[in-house]
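Coordinate inspection notes
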Amino acid sequence: MDHRRPTAGLGDLGFPPDPLTGIRAVPHPATIRRLLQRLDGDALDAAIGAYLRARTTPPQPSEPPSKPALRAISVDGKTVRGSRTRTTTAIQLLATTDHHGVVLAQQQIASKSNKIPAFQPRPDAIDLKAAC
């Protein structure tokens, strides 16, 4: 979807055109928020991560390396902006990314938790064999 023309990809996302004008209207931000709140967050993370992994190709070296290259992986925790309410604390996420910016795995952790003990990679999401 072209960021300058937000209506360009609405048909691909299943938004129908207006029957009178044929124009696909961009949904109101509140509609998008309500939709995202109803989705399974883990399933959405997995789908977006798979999509990004499929689109990302690591840079190819100009010469073949003498030994297999190691893959750099980072782990960092973040607070989800706008997730705190009067009755709940803000949501804390622990994300594992490669150095191409692709999120390999993400999980919610306890708000007062230390990030290090919470990191336990899922074998189905991250291949650590060639990681440094």
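Presented here is an overview of the structure given in this document. (Residues numbered from 1 in each chain as written. Predicted model: local features only at pLDDT ≥ 70, side-chain atom pairs only at ≥ 80, totals over all residues. Heavy atoms only, no water.)

So, about the overall build of the protein chain. Across its full length, the protein chain carries three helices and three strands. What you see in the protein chain, going N to C, is helices and strands ordered as α-α-β-β-β-α. In the protein chain, which comprises 132 residues, the proportion classed as buried is 16%. Looking at the protein chain alone, contacts between residues at least 24 apart form 34% of all its contacts between residues at least 6 apart. Of the roughly 10900 Å² that the protein chain leaves accessible, carbon and sulfur atoms contribute 56%. (Helix = DSSP H or I, 4+ residues; strand = E, 2+ residues; numbered from the N terminus. Buried < 20%, exposed > 50% of the residue type's maximum accessible area, 1.4 Å probe, protein only. Contact = heavy atoms within 4.5 Å. Areas by Shrake-Rupley, 256 points an atom, 1.4 Å probe, with all protein chains shown as cover.)

Taken as a whole and assessed by the stated rule, the structure comprises one salt bridge. Its salt-bridge partner being K78, residue D76 comes within 3.0 Å of it at the nearest N-O pair. A residue is classified by how much of its surface remains accessible, and D76, at 34% relative accessible area, is partly exposed. With a relative accessible area of 52%, K78 lands in the exposed category. (Salt bridge = Lys/Arg side-chain N within 4 Å of Asp/Glu carboxyl O.)

By way of backbone hydrogen bonds, the strands of a sheet pair with one another, either parallel or antiparallel. Read from one edge to the other, the open sheet built from three strands follows the order β1-β2-β3, with strand pairing classed as antiparallel. The two strands at the open ends of the sheet, each matched to only one other strand, are β1 (73-79) and β3 (103-109). Between one strand axis and the next, the sheet turns through 20° on average, direction left out of account. (Pairing = 2+ DSSP bridges. Axes fitted to C-alpha atoms, helices over the stretch in contact; angles between N-to-C directions.)

Time to look at the environment of I73. By the secondary structure assignment, I73 is in strand β1. As for I73 and V102, which are separated by 29 residues in sequence, their C-alpha atoms are 9.8 Å apart.

Approximately 560 Å³ is the volume attributed to the largest pocket. Lining the largest pocket are 17 residues, with L36, G41, V80, I91 and L93 sitting closest to its centre. Sorting the residues of the lining of the largest pocket by element identifies α1 (29-38), α2 (41-55) and β3 as the ones contributing at least two each. A total of four residues in the lining of the largest pocket trace back to one element, the largest contributor, which is α2. Residue composition of the lining of the largest pocket, by class: six nonpolar, seven polar and four charged. (1 Å grid on protein atoms, 1.4 Å probe; cavity = no way out; pocket = protein on both sides within 12 Å on 5 of 7 lines; lining within 4 Å. Points joined across faces, edges and corners; volume = space filled by probe spheres on them. Nonpolar A, V, L, I, M, F, W, Y, C, P; charged D, E, K, R; others polar.)

Turning our eyes to something else, we now look at the side chain of S83. Residue position: S83 is located in the loop between β1 and β2 (92-98). Under the relative-accessibility criterion, S83 is labelled buried at 15%. In this view, S83 contacts T88, T89, A90 and I91; residues no more than four positions away in its chain are not counted.

Once that is clear, we can look at the environment of G101. Tracing the sequence through the fold places G101 in the loop between β2 and β3. Judged by its relative accessible area of 55%, G101 is exposed. In this structure, the C-alpha to C-alpha distance between G101 and S74, residues 27 residues apart in sequence, is 9.7 Å.

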